Amino acid sequence: MKDVVLFSGNEAIARGAFEAGVRVAAGYPGTPSTEILENIVQYSSIYAEWAPNEKVAFEVALGAAYGGARALAAMKHVGVNVASDPLLTASYTGVNAGLVLVSADDPGMHSSQNEQDNRHYARFAKIPMFEPSDSQEAKDFTIRAFEVSEEYDTPVLLRTTTRVNHGKSVVRLSKPKVNTRGRFERNFCKYVMVPAHGIKRHAIVEERLIRLRDLSNSIDLNFIEWGYSSIGIITSGVSYHYVKEVLPDASVLKLGMTYPLPDKLIQSFAGKVKTLYVVEELDPFLEDQIRALGINVIGKERFPKIGELNPTLVAMGLGVEIPKQEAETVPVPPRPPTLCAGCPHRGFFYVLRKLGAIVAGDIGCYTLSVLPPLETMDTCVCMGASIGNALGIKRAMPQDDNRPVIAVIGDSTFVHAGIPGLIDAVYNGTAITVCILDNHTTAMTGGQNHPASGKTLRGEDAPRLDLVALVRAVGVEDVYIVDPYDLAALEVALRNAIQAGKPSVVITNRPCLLNDKKIKNRAIAVNLEACTGCCLCFKLGCPAIESICTDGNRLKAKINADLCSGCEVCIQVCRSGAIQCEKE
Amino acid sequence: MNIRLAGVGGQGILVASEILCDMLLASGLDVKKTEVHGMAQRGGTVISDVRFGPKVYSPIVPEGKVDILLAFEQMEALRYLPSLKPGGTVIVNEQRIFPSSVASGKIDYPEEIEKCLMTVAANVISINALALAKKAGLVKAVNVCLLGALATCLNINEPIWEAVIAEKFKGRNLDANLRAFELGCEASLMRDLKLGVVIPK
């Protein structure tokens, strides 16, 4: 490999883990964090795995760190919510070998259900936090995080954002270190958090924070670039580059270690500039703490707390003029994402729509069914919430409300957080129908493996978690397994499941189209003479079905052969028999 | 120097921007790239910004500072037109991909796109990359074909491009991709435009 490469932040974090001598890495896929584990897996010196969820991933990494191996856990911001239970106590136990938790935040909500700022987790858990601003720093900070973790006996939060994770910039590679930290040593008072031990550890955590603040004041990741003294800007992460783009000659305090904040360094900087700005994405995390030091700053009154920053927004906040662009343009229709042509979920939602059910949804490709024309989803909160939400909706229903209540969840998500909800349904006898849309992969993040896909992160064969046996073991008696390309069979299964009057499960069973493109057997076309222009097929929202205007301005359907995958669902939907397989 | 690639999920935009970045890195420049691809495979809008020069700060191109807009689809060229610098270049694939609202006949596809582009751009290079890709024998090579058109606007030697493309595809449809690149170059040059876009050293 060359010494100078162009890496995404995620590739750089993986490389940093390798150079730091990491031996165990675990995570759960989630944009923008997914590629960290996907790149770590290329380094054979690291054991890497997809865990069923982020809590387990963090616990695996924590156990490895107790065991004397440097370990890394990676997840997206909402994944840290799942892992927060062990995280806040890991702060008390500390580590043996270095432990780094990567939280990949998503300002701008490019692919997330909320926009939370996970810098608060560092403060909440009382652990140090590093915020890289590009790929070189992503690699360097990962290595430094392991050193600080061991020196201060604490987990370290490496917090990134989508722009850092998915941006690419130049990285210089180094040779990996050999790290042999040792083995697990029994230490009840440190690792067994019963109250008597935990209360003593809390005092250690507070004392550690004081020492970490001293480190933050002296560490070279926090530095000043002196320019003119009329404007001083305190910034971190990718915002630093927006600031440099807009005002390359202003004085800048660049923070790489953002918790605990370097109080003395900030006070000294603030005393030497006339007007002090804080430029940061999302919450006033730095700003509030700097104000608490008694320093007056300009911050969120000039820079938005919603969405991503960019050079234009930073320029506006700093009062820098932007030339106005006068393009003559016409309205451009929006282009929302859709289920792929031939996606096995499409027919399922088409049938579900007919049943007039209340549908509690979950996180995955199928969440797109909320968009027109399917519009078949009533709630979506977090991974696994569909089943719990459905249970609550069902219990809240007045007696005269007969609408069926259905939870829709993917296979990976069901394994992640759906199983306890299903146990609740059986245990408390709540008559909902849980539909597990099994496409044998974690599709939304790009097709990662999981315990029910039969492959590991390395692509090696694994025992395949049997969802049907699992559902039965939980105590569900009414289980239906259907082919989602067979609409009639789907409808029968769904109606039977709803009428069971007790907890029931419908499992659809077809692989994700992007993983398995072999469904195309015969070409499909529309017989325009037979097409009545009823437009029913458009209700599928299939990208391969286009409209054409025929004489009399009647809309008729046309199949775009370049896009069609040959699933034949549209043939089943067409009442006039106009959509047909072409003769071979 | 700022290039923005824009198109529809599934068109190979991210692969194209990777090839472009590898080529620029091989030329010894500071390069930064960013992309929005959460819904990349699901037919949504995908963009990738590529910036290069002696030193690059922000990975995102500031509004109105795009030098070359490489649009993989006509409507997407229009969507990102406000990001183009006045007097900049637009390379646009003549292909039209309908969003669901247009496909089902609810909204019309915008008309006179090239005329709108000309209000900001000094040069509009319009090529039928899908047809050229088919001619090269690989429908998926639309992206490499457009890179060929882009290459005519950047004074970087063809052997560097070819080496990077060869590295990227390593035997998988390599010949068809190289052919698509060549066809893209030719189609762009046939427009006979003197563009004068020069990479800063």
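Asks: What is the right way to read the overall build of chain A from this model?
Replies: Within chain A one finds 19 helices and 22 strands. The C-alpha atoms of chain A give a radius of gyration of 27 Å, which matches the 25 Å a tight globule of 584 residues would have. Expressed as lengths along the three principal axes of its C-alpha atoms, the size of chain A is roughly 80 × 65 × 55 Å. Counting the 584 residues in chain A, one finds 60% classified as buried. By sequence separation, contacts in chain A at least 24 residues apart represent 74% of the contacts at least 6 residues apart. A total accessible area of about 23,400 Å² is found for chain A, and carbon and sulfur atoms account for 52% of it. Each charge class in chain A can be summarised by its mean position, and for the 60 positive and 64 negative side chains these summaries are 2 Å apart.

Asks: Sorry, what's going on with the sheet that holds strand β6 (residues 123-127) of chain B here?
Replies: Pairing in this open sheet of eight strands is mixed, and the strands run β1(A)-β8(A)-β2(B)-β3(B)-β1(B)-β4(B)-β5(B)-β6(B) from one edge to the other. Looking at the sheet topology across the chains shown, the edges are occupied by β1 (4-8) of chain A together with β6 of chain B. In this sheet, adjacent strand axes meet at a mean angle of 25° when their direction is disregarded. Where strand β5 (residues 84-93) of chain B meets β6 of chain B, five bridges bridge the pair, whose relative direction is parallel.

Asks: Any chance you could explain the pairing of strand β1 (residues 2-8) of chain B here in plain terms?
Replies: Two faces, one strand: in a regular strand the side chains alternate between the faces of the sheet. Residues and elements named next belong to chain B. In terms of residue burial, β1 counts as a mostly covered element, since seven of its seven residues are buried. Here β1 pairs with strand β3 (residues 45-53) via seven bridges, running antiparallel. Of the residues in β3, the one forming a bridge with Ile-3 is Val-50. Pairing of β1 with strand β4 (residues 66-71) involves four bridges; the strand directions are parallel. Its bridge partner being in β4, Ala-6 is matched across the sheet by Ala-71.

Asks: Just checking my understanding: could you explain the packing of aromatic side chains for this structure?
Replies: For any pair of aromatic rings, geometry is given as the distance between the ring centres together with the angle between the planes. All names here are of chain A. Across all of its chains, the model carries eleven aromatic pairs over all chains by this definition. Note on Trp-226 and Phe-269: the rings are 5.5 Å apart at their centroids and 40° apart in plane angle, and the pair reads as tilted. With Trp-226 in the loop between β9 (222-225) and β10 (228-236) and Phe-269 in helix α11 (residues 263-270), this pair connects stretches of sequence that are 43 residues apart. When its relative accessible area of 0% is taken as the criterion, Phe-269 is described as buried. Cluster of aromatic residues (ring-pair linked, three or more members): Tyr-66, Phe-184 and Tyr-191. Positioned above the aromatic ring of Tyr-240, the side-chain terminus of Lys-254 is 5.4 Å from the ring centre.

Asks: What should I look at first to understand the confidence of the model for chain B in this one?
Replies: Low-pLDDT stretches of the model should not have their predicted coordinates read in fine detail. All names here are of chain B. Looking at chain B as a whole, the pLDDT averages 88, with 92% of positions reaching at least 70. Considering each helix and strand of chain B separately, the mean pLDDT is smallest for helix α3 (residues 100-103), with a value of 85, and largest for β4, with 97. In this model residues 192-201 is a low-confidence stretch, pLDDT under 50, and it forms 24 contacts with partners more than four residues away in sequence or in other chains. The ipTM value of the predicted complex is 0.91, and its pTM value is 0.95.

Asks: Would you take a moment to explain the packing of helix α1 (residues 13-26) of chain B against helix α6 (residues 142-151) of chain B for this structure?
Replies: Packed helix pairs are characterised by how far apart their axes lie and by the angle those axes make with each other. All names here are of chain B. At a minimum axis distance of 9 Å, the contact between α1 and α6 shows a crossing angle of 40°. Here α6 runs oblique to α1, going by the angle between their axes. Here the hand of the crossing between α1 and α6 comes out right-handed. In contact with Val-15, Ala-16, Ile-19 and Leu-20 of α1, α6 contributes Asn-143, Leu-147 and Leu-150. Taken together, the residues of the contact of α1 with α6 sort by class into six nonpolar, one polar and no charged.

Asks: I would appreciate a short explanation of the pattern of salt bridges in the present structure.
Replies: Between side chains of opposite charge, a pair can form as their charged atoms come close. For the structure shown, the criterion picks out 44 salt bridges over all chains. Salt-bridge contacts for Arg-4 of chain B lead to Asp-49 of chain B; the nearest nitrogen and oxygen are separated by 2.7 Å. Taken together, the residues Arg-4 of chain B in strand β1 and Asp-49 of chain B in strand β3 connect sequence positions 45 residues apart. Judged by relative accessible area, which is 6%, Arg-4 of chain B ranks as buried. Here the residues in one salt-bridge network are Asp-105, Asp-117, Arg-119, Glu-131, Arg-159 and Glu-280 of chain A, joined through shared partners.

Asks: In this structure, what is going on with the sheet that holds strand β13 (residues 275-279) of chain A? I would like to understand it.
Replies: Hydrogen bonds between backbone groups are what pair the strands of a sheet, and the pairing can be parallel or antiparallel. All names here are of chain A. The mixed open sheet is built from four strands, whose spatial order is β9-β11-β10-β13. Where the open sheet ends on each side, the last strands, each with one partner, are β9 and β13. Pairs of neighbouring strands in the sheet enclose a mean axial angle of 15°, with direction left out of account. As paired elements, β10 and strand β11 (residues 250-255) share six bridges and run parallel to each other. Pairing of Thr-235 across the sheet is with Lys-254, part of β11.

Asks: Can you walk me through the interface of chain A and chain B in this structure?
Replies: Much of the literature gives interface size as the accessible area that the parts lose upon coming together. Listed by partner, the interface residues are 49 residues for chain A and 55 residues for chain B. Across the chain A to chain B interface the summed buried area is about 4,400 Å²; carbon plus sulfur atoms make up 61%. The partner of Arg-335 of chain A in a salt bridge is Glu-73 of chain B, and the shortest N-O contact between them spans 3.1 Å. Along the contact surface separating chain A from chain B lie twelve residue pairs in polar contact (both at pLDDT 80 or more). The set of elements that each furnish at least two residues to the side of chain A that touches chain B consists of β1, α7 (162-166), β8 (168-172), α10 (239-246), α13 (311-317) and β20 (545-550) of chain A. Among the elements that take part in the side of chain A that touches chain B, α10 of chain A stands out by supplying four residues, more than any other. Tallied by class, the residues present in the side of chain A that touches chain B amount to 25 nonpolar, 13 polar and eleven charged. Two strands pair when backbone bridges link them, and β8 of chain A and strand β2 (residues 30-36) of chain B are joined in this way by two bridges, in the antiparallel orientation. Residue Ser-169 of chain A lies in a different strand from β2 of chain B, and its bridge partner there is Lys-32 of chain B.

Procedures and definitions
- Residues numbered from 1 in each chain as written.
- Chains lettered and ligands numbered in written order.
- Predicted model: local features only at pLDDT ≥ 70, side-chain atom pairs only at ≥ 80, totals over all residues.
- Heavy atoms only, no water.
- Helix = DSSP H or I, 4+ residues; strand = E, 2+ residues; numbered from the N terminus.
- Rg over C-alpha atoms; globule rule 2.2 N^0.38 Å.
- Buried < 20%, exposed > 50% of the residue type's maximum accessible area, 1.4 Å probe, protein only.
- Contact = heavy atoms within 4.5 Å.
- Areas by Shrake-Rupley, 256 points an atom, 1.4 Å probe, with all protein chains shown as cover.
- Lys, Arg positive; Asp, Glu negative; His and termini not counted.
- Charge placed at Lys NZ, Arg CZ, Asp CG, Glu CD.
- Pairing = 2+ DSSP bridges.
- Axes fitted to C-alpha atoms, helices over the stretch in contact; angles between N-to-C directions.
- Phe/Tyr/Trp six-rings, centres within 6.5 Å; stacked < 30°, edge-to-face > 60°.
- Lys NZ or Arg CZ within 6 Å of the ring centre and 35° of its normal.
- pLDDT = per-residue confidence, 0-100.
- Parallel < 35°, antiparallel > 145°, perpendicular 65-115°, else oblique.
- Left-handed = near helix turned anticlockwise from the far one by under 90°.
- Nonpolar A, V, L, I, M, F, W, Y, C, P; charged D, E, K, R; others polar.
- Salt bridge = Lys/Arg side-chain N within 4 Å of Asp/Glu carboxyl O.
- Buried area = accessible area lost by both parts, 1.4 Å probe.
- Polar contact = N/O pair within 3.5 Å; in protein donor to acceptor, adjacent residues only side chain to side chain.

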